[in-house]
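Descriptive structure summary
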Amino acid sequence: MALVPYEENLVPALSKLHNTSAEFYFANHRLRLTQDWNRLGVAAVVWDAAVVLCMYLELGHIDLKGKTAVELGAGTGLVGIVAALLGENLSNVTVTDRKPALEFLTENVRSNIPPDQQRAVQVSELSWGEDLERYPSGGFDLILGADIVYLEETFSALLRTLEYLSSDSTVVLLSCRIRYERDEQFLSLLKKTFRVQEVHYDSQRDVHIYTAVKGQTRTDL
């Protein structure tokens, strides 16, 4: 499902989304992510919000060592891959998306995570709000999401998922553009259950990063 339909020759700035791969250098590793817009649409390209979140993780404001993390709507898997590479002693990273994207996502993880670290990274199916009992309630230290706030019809399911996966000490990191009034409305809904704070803004890419915590703000991340 695309955000908006467009013709590639009419929007040159978006032509990079049609490239079959995207390359990055994060966590002292050269990463090459396969992209497939024609087959999977928005789930199979690297968006600016993912890049900005990876840059934020590299700044070291979040201590990843020994933590358990989950990425929602992982798409190409860039954020989860970088989190795993940055957290050398990371207990576990679970990268999730809907079933149609899993084969594609798995291949990107296998291609970019060194063999000795692959046991710490799992690819798993997760459709927001569905079959959540397959995951431990409140079982993650960190929840990551890049550009997952854009479809209003998914907001209630996304909120249920965040609430289920979070304990009072879980930190949620959301990286997104605020495109429309409905995006602001999602943040307002999130604030009913979570303490939300903007921690970073990339003016060049117009991407905001927010933390959200159910209970008291943690001091050990």
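Basis of the calculations
Residues numbered from 1 in each chain as written. Predicted model: local features only at pLDDT ≥ 70, side-chain atom pairs only at ≥ 80, totals over all residues. Heavy atoms only, no water. UniProt positions renumbered as here; feature names shortened; annotations may be inferred. Helix = DSSP H or I, 4+ residues; strand = E, 2+ residues; numbered from the N terminus. Buried < 20%, exposed > 50% of the residue type's maximum accessible area, 1.4 Å probe, protein only. Contact = heavy atoms within 4.5 Å. Phe/Tyr/Trp six-rings, centres within 6.5 Å; stacked < 30°, edge-to-face > 60°. Pairing = 2+ DSSP bridges. Right-handed = clockwise from strand over helix to strand, strands pointing away. Salt bridge = Lys/Arg side-chain N within 4 Å of Asp/Glu carboxyl O.

Under the annotation held in an unreviewed UniProt entry, the protein chain carries the name Protein N-lysine methyltransferase METTL21A and is attributed to Chanos chanos. The UniProt entry for the protein chain carries this comment under Subcellular location (unreviewed entry): "Cytoplasm". Listed in UniProt under the heading Catalytic activity (unreviewed entry), the comment for the protein chain reads: "L-lysyl-[protein] + 3 S-adenosyl-L-methionine = N(6),N(6),N(6)-trimethyl-L-lysyl-[protein] + 3 S-adenosyl-L-homocysteine + 3 H(+)".

This brings us to the environment of P136. Following the sequence through the fold, P136 ends up in the loop between β5 (121-125) and β6 (142-146). Residue P136 is classed as partly exposed on the basis of its relative accessible area, which comes to 45%. Excluding residues within four positions of it along the chain, P136 makes contact with Y164 and L165.

Applying the stated rule across the entire model yields two aromatic pairs. Geometrically, the ring pair formed by F24 and F26 is stacked, given 6.1 Å between the ring centres and 20° between the ring planes. Taking the centre distance of 5.0 Å and the plane angle of 55° together, the rings of F155 and F186 count as tilted. Placement of the pair is F155 in helix α5 (residues 155-165) and F186 in helix α6 (residues 181-190), with a sequence separation of 31 residues.

Turning our attention to the pairing of strand β4 (residues 92-97). Every regular strand shows the same layout, with side chains that alternate between the two sheet faces. Burial within β4 is extensive, with six of its six residues counted as buried. Side chains of β4 alternate between two faces, with N92, T94 and T96 and V93, V95 and D97 buried alike. The pairing of strand β3 (residues 68-72) with β4 spans four bridges and is classified as parallel. Bridging across to β4, V70 finds its partner in T94. As judged from the five bridges shared by β4 and β5, these two strands associate in the parallel manner. Among the inter-strand pairings, T94 is bridged to a residue of β5, identified as Q122. For the crossover that starts at β4, traverses helix α4 (residues 102-112) and ends in the parallel β5, the hand is right-handed.

The next thing to look at is the pattern of salt bridges. Tallying each qualifying case throughout the model produces four salt bridges. Ionic pairing is found between R32 and E23, a salt bridge with its closest N-O pair at 3.7 Å. Judged by relative accessible area, which is 46%, R32 ranks as partly exposed. When its relative accessible area of 53% is taken as the criterion, E23 is described as exposed. A salt bridge links R179 to D147; the nearest nitrogen and oxygen atoms lie 3.0 Å apart.

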